[in-house]
Amino acid sequence: VQLQASGGGLVQPGGSLRVSCAASGSIFSTDTTTWYRQAPGKQRELVAAITEGGRPSYADSVKGRFTISRDNAQNTVYLQMNSLKPEDTAVYYCNAVGFGTDMRRYDSWGQGTQVTVSS
């Protein structure tokens, strides 16, 4: 299973951006998809996650500003980011775990997409 992250870019403080994570391959099911981010010199941190049933969870630092959603028909998970702050600047990575059509578990990572919040 391959993940393709996209949608990053440069945005001014207070602005919005949506990043996407598209899964492809022999997918039977996806249990949880998670967005992480890693800023320069810092450890990777969990941003938001969503279960197969659509239940979201968020890091305290993004609650009320970010919304994670999924389109199961398109095998795509979105992260809508509003009221962006300079401290949101990071490379954003998506991770998905589930089962392939061969019934073997997969744990896949996307390549990362850069989000820069700056005036």
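The rules we used
Residues numbered from 1 in each chain as written. Predicted model: local features only at pLDDT ≥ 70, side-chain atom pairs only at ≥ 80, totals over all residues. Heavy atoms only, no water. Pairing = 2+ DSSP bridges. Helix = DSSP H or I, 4+ residues; strand = E, 2+ residues; numbered from the N terminus. Axes fitted to C-alpha atoms, helices over the stretch in contact; angles between N-to-C directions. Buried < 20%, exposed > 50% of the residue type's maximum accessible area, 1.4 Å probe, protein only. Core = buried A, V, L, I, M, F, W, Y, C linked by side-chain atoms within 4.5 Å. Contact = heavy atoms within 4.5 Å. Phe/Tyr/Trp six-rings, centres within 6.5 Å; stacked < 30°, edge-to-face > 60°. Lys NZ or Arg CZ within 6 Å of the ring centre and 35° of its normal.

1. Some remarks on the sheet that holds strand β7 (residues 66-71)
Picture the strands of a sheet paired through backbone hydrogen bonds; they go either parallel or antiparallel.
Part 1: Spatially, four strands are ordered β1-β3-β8-β7 in an open sheet, and the strand pairing comes out antiparallel. Looking along the sheet, the strands with just one partner apiece sit at the ends: β1 (2-6) and β7. With direction set aside, neighbouring strand axes in the sheet form an average angle of 15°.

2. Remarks on the pairing of strand β8 (residues 76-81)
For a regular strand, the rule is simple: side chains alternate between the two faces of the sheet.
Part 1: Among the six residues of β8, five are classified as buried, and the element is accordingly described as predominantly covered.
Part 2: Looking at chain direction, strand β3 (residues 17-24) and β8 are connected through six bridges and run antiparallel. Bridged to V19 within β8 is L79.
Part 3: Where β7 folds back on β8, the antiparallel hairpin that results is connected by four residues, among which N75 adopts a positive phi of roughly 50°.

3. Things to note about unusual backbone geometry
Part 1: The phi angle at S83 is positive, at roughly 50°, despite the residue not being glycine.
Part 2: Tracing the backbone shows S83 in the loop between β8 and β9 (90-100).
Part 3: Given the relative accessible area of 41%, S83 is considered partly exposed.
Part 4: The backbone of M103 shows a phi angle near 70°, a positive value even though the residue is not glycine.

4. What to know about the nonpolar core
Part 1: Formed by 28 residues in total, the largest nonpolar core has its most connected members in W35, V47, F66, L79, M81 and Y92.
Part 2: Of all elements in the fold, only β1, β3, β4 (27-38), β5 (45-51), β7, β8, β9 and β11 (113-117) reach the threshold of two or more residues within this core.
Part 3: Setting aside residues no more than four positions away along its own chain, Y92 makes contact with W35, Y36, R37, V47, F66, L79, M81, G112, T113 and V115.

5. Let's talk about the packing of aromatic side chains
Part 1: Applying the stated criterion across every chain yields a total of one aromatic pair.
Part 2: Arranged with centres 5.1 Å apart and planes meeting at 40°, the rings of Y36 and W109 form a pair that is tilted. Taken together, the positions of Y36 in strand β4 and W109 in strand β10 (residues 105-109) put the pair 73 residues apart, joining distant regions of the chain.
Part 3: The ring of W109 has R44 lying over it, and the distance from NZ or CZ to the ring centre is 4.9 Å.

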